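Coordinate inspection notes
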Amino acid sequence: MNRQSGFTLVELMLVASLLSMVLAAVTSCLGAATTSLNLDDKVAVAMESLQRSIVRVSQVMRPCSISSYRVMSTAADVPLYATAADEWMEPIDGDPRPSIQFRSATGELSLNAALLTDARSLRLQLENGETDNDLDDDGDGIIDEARLIMDYDGIPVAMANNVEAATFTLTGRLLTIELRSAARPRDGSVQRFTARETLFLRNN
């Protein structure tokens, strides 16, 4: 007499329960991985944007004439370095400043530096709705959110957006440019990052 073997209803229910738990665990892991990727993507996009911005600024500054380089004075500079605040003054070696003025050589080499552009400037301008109060006014993680504006022959040009801070430090002929920004992923945390470039100013 032949006996046919198979699964009982109880066994099928146990297998189904186990499969459900395994699928739930896999789904949870996939969800966490997807969330993590989304968080990383948001920060990565902000970092990539900041890096592109500093490359643009570096391209503009590379032909800068070092003898024309000026920084915006503050009250602390008076009277030793300037006669008043908010005027263009000679740079202090190794002192980072957020606002600068310069002229550029019209050619790429030092021997062409006799021909210079009109004076241009780089400065931070607060975004609409932002106040200079060291606070994140719109909740996006960026404190005192601003744009880096270049005055290009009387025309304001945005060189970088979503910037917390910008500094220009001239040490000898080396100009270090730093831009700082931040991003707030969906988990509510804030990640800050800095882009930095150092140029050798060869034009006098």
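Up top is the structure.
Below, the structure is looked at part by part.

Calculation notes
Residues numbered from 1 in each chain as written. Predicted model: local features only at pLDDT ≥ 70, side-chain atom pairs only at ≥ 80, totals over all residues. Heavy atoms only, no water. Pairing = 2+ DSSP bridges. Helix = DSSP H or I, 4+ residues; strand = E, 2+ residues; numbered from the N terminus. Polar contact = N/O pair within 3.5 Å; in protein donor to acceptor, adjacent residues only side chain to side chain. Core = buried A, V, L, I, M, F, W, Y, C linked by side-chain atoms within 4.5 Å. Buried < 20%, exposed > 50% of the residue type's maximum accessible area, 1.4 Å probe, protein only. Contact = heavy atoms within 4.5 Å. Axes fitted to C-alpha atoms, helices over the stretch in contact; angles between N-to-C directions. 1 Å grid on protein atoms, 1.4 Å probe; cavity = no way out; pocket = protein on both sides within 12 Å on 5 of 7 lines; lining within 4 Å. Points joined across faces, edges and corners; volume = space filled by probe spheres on them. Nonpolar A, V, L, I, M, F, W, Y, C, P; charged D, E, K, R; others polar.

This next bit is on the sheet that holds strand 6 (residues 155-163). On the basis of which strands lie adjacent, the open sheet formed by six strands has the order 2-1-3-4-5-6 and antiparallel pairing. Every other strand in the sheet has two partners, leaving strand 2 (88-89) and strand 6 as the edge strands with one partner each. Relative to strand 5 (residues 146-152), strand 4 (residues 120-126) runs antiparallel, the two sharing six bridges. When the sheet's bridge partners are listed, Gln-125 is paired in strand 5 with Arg-147.

Here six bridges tie strand 5 to strand 6, and the two strands are oriented antiparallel to one another. Opposite Leu-148, over in strand 6, you have Ala-160 as the bridge partner. Between the antiparallel neighbours strand 5 and strand 6 lie two residues, among them Asp-153 with a positive phi of about 55 degrees.

You can see Arg-97 is positioned in the loop between strand 2 and strand 3 (100-102). In terms of polar contacts, Arg-97 uses its side chain to reach the side chain of Asp-77, at 2.8 Å.

All right, on to the nonpolar core then. The biggest cluster of nonpolar side chains holds 30 residues, and the ones touching the most others in it are Met-61, Tyr-69, Leu-122, Leu-148 and Phe-168. At the level of secondary structure, the elements contributing two or more residues to this core comprise helix 1 (9-61), strand 3, strand 5, strand 6, strand 7 (165-171), strand 8 (174-183) and strand 9 (191-200). Among the elements that make up this core, the one with the highest residue count is helix 1 (five residues). Leaving out residues up to four positions away in the same chain, Tyr-69 has contacts with Met-61, Cys-64, Pro-91, Ile-100, Gln-101, Phe-168, Leu-170 and Leu-175.

This part covers the sheet that holds strand 7. If you walk across this open sheet you meet the three strands as 7-8-9, and the pairing is antiparallel. The open sheet terminates on both sides in strands that have one partner only, identified here as strand 7 and strand 9. Put simply, the sheet's adjacent strands are angled 15 degrees from each other on average, direction ignored. The pairing of strand 7 with strand 8 spans seven bridges and is classified as antiparallel. Within strand 8, the residue paired with Phe-168 across the bridge is Ile-177.

Residue placement: Thr-169 occurs in strand 7. In this structure Thr-169 comes out as buried when scored by relative accessible area, which is 15%. In contact with Thr-169, not counting residues within four places along its chain, are Gly-94, Asp-95, Pro-96, Leu-174, Leu-175 and Thr-176.

What follows concerns the layout of surface pockets. To locate leftover empty space, one rolls a probe as large as a water molecule over the atoms. One number sums up the size of the largest pocket: a volume of about 300 Å³. For the lining of the largest pocket, the elements supplying multiple residues, two or more each, are strand 4 and strand 7. Residue composition of the lining of the largest pocket, grouped by class: seven nonpolar, one polar and five charged.

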